[in-house]
Structures are given as C-alpha cells and as structure tokens.
Amino acid sequence: MSQNIKLIAVFQTSSVAPAINDTVHRCYLPLLIEVSPSKFEAERAKMTEEYGFDYSSLSFDEFCADYPNNVIAICENLRVQDVDINQKHNELFGEHNTTISYSTELKQLIPYDENIHVGVLHKLTQEQVSDFYSSKKVHPCCAKFMEFLAQEYSDSSITKYLADGTITFKINSNSGISITHIDFSKFPEGINPNMTAVLSNHWDTYLVNNIKSVNSNLYRDPAVLNEFLMHIQDIESTNES
C-alpha cells in the first residue's frame, strides 16, 4: 500500500486591532495534512467524469497548485477546528483582546518541509507581508526586454533596429518605454509611424507576460510561500532573542 503524501496547508486571515492604531495584521497557520494516493486518483477521476476535462494529465503537484481545496476535501487528518484561526488567536493573545479576526481561507498547499513549524499561528503586520513580497517582485529591465524580443519577435524589424543601436530606448518612471534616439540616416525615406506602435505593443506584451504575470503568481508559488514561512520564523526568532 502506498504511503500517504505529506503536505503543508497554509491558512490565512486578516485581523484588525483597534487598540493599536487600527493596525492591519495577517495571521498565517501552516498545518500538516496527509493525502492518500488512492483518494487522489479517485478525486481526479471524479472530476474528469463531472467536468469532461482529462485531469489525469495533471501531476500531483500541478493538481495541488490548481485545486488545493479539492485536496483539502480528501485529506486524511484535518478537522474543521484545526483551522479555526479565531480560536487559536484567542489562545495566543487572550480571549478578551480587542482584535477582530475575519474568516479563514486556504492560501496554498506546499510540499512538506520539516523546517516549517506546523500548528503554530504566526501574526504579522500587513507592512511586513508587503515588504517580503515586494522584495521578490521582478521589475521591467531593458536587457530582459531585449531577451524577450530576441525570443518572441526575432524576425521583427524593430528587434533588429534595437539590437544594432539604430533605435535606442529607456524605461520611464511609469514603467513605460520612451525612444531616446533614432539614427535617421538609416531611414532616408522617413519612419513609418507603425514602427513605434509595434514597439509599444511588444513592450505591453512583455509587461503582461514577463512582469505582471510573474508578480501575480508569486502569491501562489509554493517555493515562495515556503520561503515566506521561513522568513516569518526568522522574524519571530529574532524578536524572542
């Protein structure tokens, strides 16, 4: 018989502490869960039958990333009271504290890591959470944009002109793109206005696919969430020392 697969389910909620200048806090609760491989296979088969999509093409990790609540529903050891962050918050900070906690939600599932302290409620300010994720975000970069053009639009004339310096550009303060120089000697008959429109469209595509999408997925990335939990533990360890 196959052994159950261990995972860490990370639950979160937000809370407001009126007595502390209305500071918004985030509470995180990582819990150990176990999933039976046979129940996982049965769940994939049931979803395939119900929705007509072949979910068997998804690996276990892909399924966990896309359908975490379905995995929670078939896990072996999780009870409703285990994820009652309100109760755990009261146990940690006292039943008569002025903090109001809101409903709990599943943030994501991550692979089991013995270095993560499961069953421990962590409380951070929204600023601490934002600081961590801000440090992980990617930003527009001229060199990365050129790599994107070489990969996606290698046959485009604008890619050639940017690569050989015929046209130069910079990123402006609004994450837009500005042309800084054009070697008009390469265009004796003038420039077709569509050329700059093509450059603008390529830039917008780069922002959507390589910047905004990547930054949006940070909050669902199991590796980043694992690092975030370790970061929380480091903060708490520092505060205790």
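Just so we're clear, the structure is a prediction, and the values are computed from it rather than from any experiment.

(A) Geometry of helix α8 (residues 193-217). Look at α8: 35 Å from first C-alpha to last across 25 residues, which is about the 36 Å you get at 1.5 Å a residue. Residue Val208 marks the point of greatest curvature in α8, where the axis turns by about 30°. For α8, the set of buried residues is Met195, Leu199, His202, Trp203, Tyr206, Leu207, Ile211 and Asn215. On the buried face of α8, the contacting elements are α6 (142-152), α7 (157-163), β6 (167-171) and β7 (177-182). Of the residues flanking the start of α8, the one acting as N-cap is Asn192, its side-chain oxygen 2.8 Å from the backbone nitrogen of Asn194.

(B) Fine view of the environment of Ile235. When you line up the elements, Ile235 lands in helix α9 (residues 222-240). Along the sequence, Ile235 and Leu124 sit 111 residues apart, while their C-alpha atoms lie 9.4 Å from each other. Beyond its immediate chain neighbours, meaning those up to four positions away, Ile235 contacts Leu124 and Gln128.

(C) Main features of the packing of α6 against α8. At a closest axis distance of 10 Å, the pairing of α6 and α8 adopts a crossing angle of 105°. Between α6 and α8, the angle is such that the two are roughly perpendicular. Here Lys144, Phe145, Phe148 and Leu149 of α6 come into contact with α8, specifically with Leu199, His202, Trp203, Thr205, Tyr206 and Asn210. The residue inventory of the contact of α6 with α8, partitioned by class, reads six nonpolar, three polar and one charged.

(D) The arrangement of the side chain of Gln233 in detail. Note on placement: Gln233 falls in helix α9. Within the structure, Gln233 has its side chain in polar contact with the backbone oxygen of Asn115 (distance 3.1 Å). Residue contacts for Gln233: discarding those within four places in its chain leaves Asn115, Ile116, His117 and His122.

(E) How the structure looks around the confidence of the model for the protein chain. In this model, the protein chain carries a mean pLDDT of 87, and residues with pLDDT of at least 70 account for 86%. Element-level mean pLDDT values for the protein chain span from 58 in strand β3 (residues 100-101) up to 96 in α6.

(F) Seen up close, the nonpolar core. Counting 23 residues, the largest nonpolar core has Leu7, Ile33, Val35 and Leu109 as its most contacted members. Elements with a contribution of two residues or more to this core: β1 (5-17), β2 (23-35), α1 (37-51), α2 (60-66), α3 (68-74) and β4 (105-111). For this core, the element with the highest residue contribution is β2, accounting for five residues. The residues contacting Leu7, other than those within four sequence positions of it, are Leu31, Leu32, Ile33, Val35, Phe60, Cys64, Val71, Leu109, Ile110, Pro111 and Tyr112. Judged by nonpolar contacts, the second largest core, of 16 residues, contains Ile158, Tyr161, Leu199 and Leu207.

(G) Main features of the packing of aromatic side chains. For the structure shown, the criterion picks out 19 aromatic pairs. A ring pair is formed by Trp203 and Tyr206, whose centres lie 5.2 Å apart and whose planes are at 45°; its orientation type is tilted. Of this pair, Trp203 and Tyr206 both sit in helix α8, three residues apart, which is roughly one turn of the helix. Given a relative accessible area of 2%, Trp203 falls into the buried group. The exposure class of Tyr206 is buried, given its relative accessible area of 2%.

Reading guide: rules and limits
Residues numbered from 1 in each chain as written. Predicted model: local features only at pLDDT ≥ 70, side-chain atom pairs only at ≥ 80, totals over all residues. Heavy atoms only, no water. Helix = DSSP H or I, 4+ residues; strand = E, 2+ residues; numbered from the N terminus. Expected span 1.5 Å × (residues − 1). Bend = angle between axes of the 7 residues up to and from the residue. Buried < 20%, exposed > 50% of the residue type's maximum accessible area, 1.4 Å probe, protein only. Contact = heavy atoms within 4.5 Å. Polar contact = N/O pair within 3.5 Å; in protein donor to acceptor, adjacent residues only side chain to side chain. Axes fitted to C-alpha atoms, helices over the stretch in contact; angles between N-to-C directions. Parallel < 35°, antiparallel > 145°, perpendicular 65-115°, else oblique. Nonpolar A, V, L, I, M, F, W, Y, C, P; charged D, E, K, R; others polar. pLDDT = per-residue confidence, 0-100. Core = buried A, V, L, I, M, F, W, Y, C linked by side-chain atoms within 4.5 Å. Phe/Tyr/Trp six-rings, centres within 6.5 Å; stacked < 30°, edge-to-face > 60°.

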